[in-house]
Amino acid sequence: MARIRDLLAVQRTVSFEFFPPKSIEAAVQLSNTMTELAHHRPDFVSITYGAGGSDRERTVDTVVAIERERATAAMAHLTCVGHRVEEIDALLDIYAEVGVENILALGGDLPADLKLGEVPTGDFRYASDLVDHVRADGRFSIGVAAHPEGHPRSESIQADRERLAQKLEHADFAITQFFFNNNDYWQMVADLTELGCDTPVIPGVIPLTNANQVARFAAMAGATIPGELATKIDAAAAAGGGPASPPVVQLGIQTALKQSQELLAGGAPGLHFYTLNRARATMAILRELAVPIGI
Ligand code: FAD
C-alpha cells in the first residue's frame, strides 16, 4: 500500500524530504543518505520541484529512480507557477507509468524577478487549481502544503486558514512548512477543526544543523525562530566556534527530537523530516524516538 491517503487511514507515517541533486557528487551524497535513512523504513520520501520547472528533469529523474530502484514510495512535488495543463499532464503520465501514486500539489515559490502585483503566467494560479486538476486525473493520492504560522503572502491568518480548509476539502492530506513552536501547529489544527476540516495535517520538522542556514530558511519560509531558541543557537555557535559546529548540531537534534516527541504525544498523524539531503541528524532523532510510530 503506497497511497499516503490509505496509509494515514490506518497508521502514522514517517517521511523524508529531499531535493534533486545538481551534480554527480550531490547525487552520490543523496544516494548514501537514502540508503542510511532506509534503515528507518520511511513510509514515503518526497522530492522537491523548482517552481517554474527549473528542476523539472532532475526532479523527474530522482522520483523515477527512487520508484524503480528502492523499496520506498516516492511522492513528487508539483508546482503551479508558469505551468500549462499539457506540461502537468505529461509529468503525471511519467509518474503514473513508473508507479508513483502520490503528488504534493503546490503553489510554488514565485520567480524572483516577478514585480509587485504581477501574477505569474501559467494555467494554474493557486495550489487548489492544481489539486482539482490532479483529482480529476484520478490516479494519485494528493497532498498540499500548510503553513502553521500563516502563509507569508496572506493578508491575514484567518483568510489563510479558510483557504487552507477549502484546499483540504479536495486533498487527502497536508504537510506543513517547518515551525519551531508546536503551539502554532496545534492552533492551526484547532482552527481547521473549527472550520469543519479533519483532513490529516502532517507536521514538517527541520533538524537545524547550521545556524546561518536555519536563519536563512526560516526567513524564506516565514517561520519564526523563538527568542529563547535563537539565544541557544548563538551560544552553541559561540561555544563550538562556528555556525555548523558540533554544539549547534547537538542543539538542533535535541530541539527537533523534543518537538517530535511532543507532536506525537499530542496525536500528530506522522512526521515529515526536512533532511536537506543529509542523514545524520534525522537518524539521531529517529533512534531516540522511543515510541514506535507506525513503522
Ligand atoms: P497556495 O495554496 O496557492 O497559497 C499561496 C497563497 O495564496 C496563500 O497566501 C494562500 O492563502 C493564498 N490563496 C490560496 N488560494 C487562494 C484563492 N483562491 N484566492 C486568493 N488567495 C488564495 N515550493 C516549491 O517551489 N517547490 C517545492 O517542491 C516545494 N515544496 C514544499 C513542500 C512543503 C511541505 C511545503 C509546506 C512547501 C513547499 N514549497 C515548495 C513552498 C510553497 O510552494 C510555497 O510556500 C508557496 O509560496 C505557497 O504554496 P502553497 O501550495 O501553500 O500555495
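Residue numbering note: each chain is counted from 1, following its sequence as written. Under the rules for a predicted model, residues below a pLDDT of 70 receive no local features and side-chain atom pairs below 80 are neither given nor counted, while totals for whole chains, interfaces and linings still include all residues. Side-chain measures were taken over the full set of non-hydrogen atoms in the model, leaving aside hydrogen atoms and water.

K.L.:
Quick question: what am I supposed to make of unusual backbone geometry here?
P.N.:
Excluding glycine, most residues fall at negative phi; most peptide bonds, likewise, are trans. At R41, a residue that is not glycine, the phi angle is positive and equals roughly 45°. Note on conventions: DSSP H or I runs of at least 4 residues are helices, E runs of at least 2 residues are strands, and numbering of each starts at the N terminus. By the secondary structure assignment, R41 is in the loop between α2 (24-38) and β2 (44-47). A positive phi angle, near 65°, is found at N277, a position not held by glycine. The residue N277 is located in the loop between β8 (270-274) and α11 (280-288) in this model.

K.L.:
How should I be thinking about the sheet that holds strand β4 (residues 102-106) in this particular structure?
P.N.:
Paired through their backbone hydrogen bonds, the strands of a sheet run either parallel or antiparallel. Paired strands are those between which DSSP finds at least two bridges. Pairing in this closed barrel of 8 strands is parallel, and the strands run β1-β2-β3-β4-β5-β6-β7-β8 around the ring. Going across the sheet, the axis of each strand differs from the next one's by a mean of 25°, ignoring polarity. Sheet topology places strand β3 (residues 73-79) next to β4; 5 bridges connect them, and they run parallel. Each bridged residue has a counterpart across the sheet, and for M75 the counterpart in β4 is N102. Pairs of residues are marked as contacts when any of their non-hydrogen atoms sit within 4.5 Å. Axis lines are fitted to C-alpha atoms, over the contacting stretch for helices. Their N-to-C directions set the angle, which ranges from 0 to 180 degrees. Where helix α3 (residues 56-69) meets the sheet, its contacts fall on β2 and β3, and the angle it forms with β3 comes to roughly 160°.

K.L.:
Just to check I follow, could you spell out the pairing of strand β6 (residues 173-178) for this structure?
P.N.:
Looking down a regular strand, the side chains alternate between one sheet face and the other. Taking burial as the measure, the 6 residues of β6 include 5 buried ones, the bulk of the element. Handedness of a crossover: with both strands directed away from the viewer, a clockwise path from the first strand across the helix to the second marks it as right-handed. Taken together, strand β5 (residues 141-146), helix α6 (residues 157-170) and β6 form a β-α-β motif whose crossover is right-handed. Where β6 lies against strand β7 (residues 201-205), 3 bridges are found, and the strand directions are parallel. Bridge assignment links F178 to a residue of β7, and that residue is G204. Relative accessible area decides the class of each residue, using a 1.4 Å probe on protein chains only: under 20% of the type maximum gives buried, over 50% gives exposed, and in between gives partly exposed.

K.L.:
Sorry if this is basic, but what is going on with the site of the ligand here?
P.N.:
A molecule or strand has a residue near it when one of that residue's heavy atoms lies within 4 Å. Inspection of the region around the ligand gives 24 residues, with Y49, G107, S154, D160 and K167 positioned closest. Whenever a nitrogen or oxygen atom comes within 3.5 Å of another N or O atom, the pair is scored as a polar contact, on the condition that within protein one atom can donate a hydrogen and the other can accept it, and that pairs from neighbouring residues in sequence are kept only if both atoms are in side chains. At 3.2 Å from an oxygen atom of the ligand is found a main-chain nitrogen or oxygen belonging to D109. Here an oxygen atom of the ligand sits 2.7 Å away from a polar atom, N or O, in the side chain of S154. Working definition of accessibility: Shrake-Rupley area with a 1.4 Å probe, residue cover restricted to the visible protein chains. The fraction of the free accessible surface of the ligand (980 Å²) that becomes covered by protein chains is 86%. Residues are sorted three ways: Asp, Glu, Lys and Arg are charged, Ala, Val, Leu, Ile, Met, Phe, Trp, Tyr, Cys and Pro are nonpolar, and all the rest, Gly among them, are polar. Partitioning the shell around the ligand into residue classes produces 9 nonpolar, 10 polar and 5 charged.

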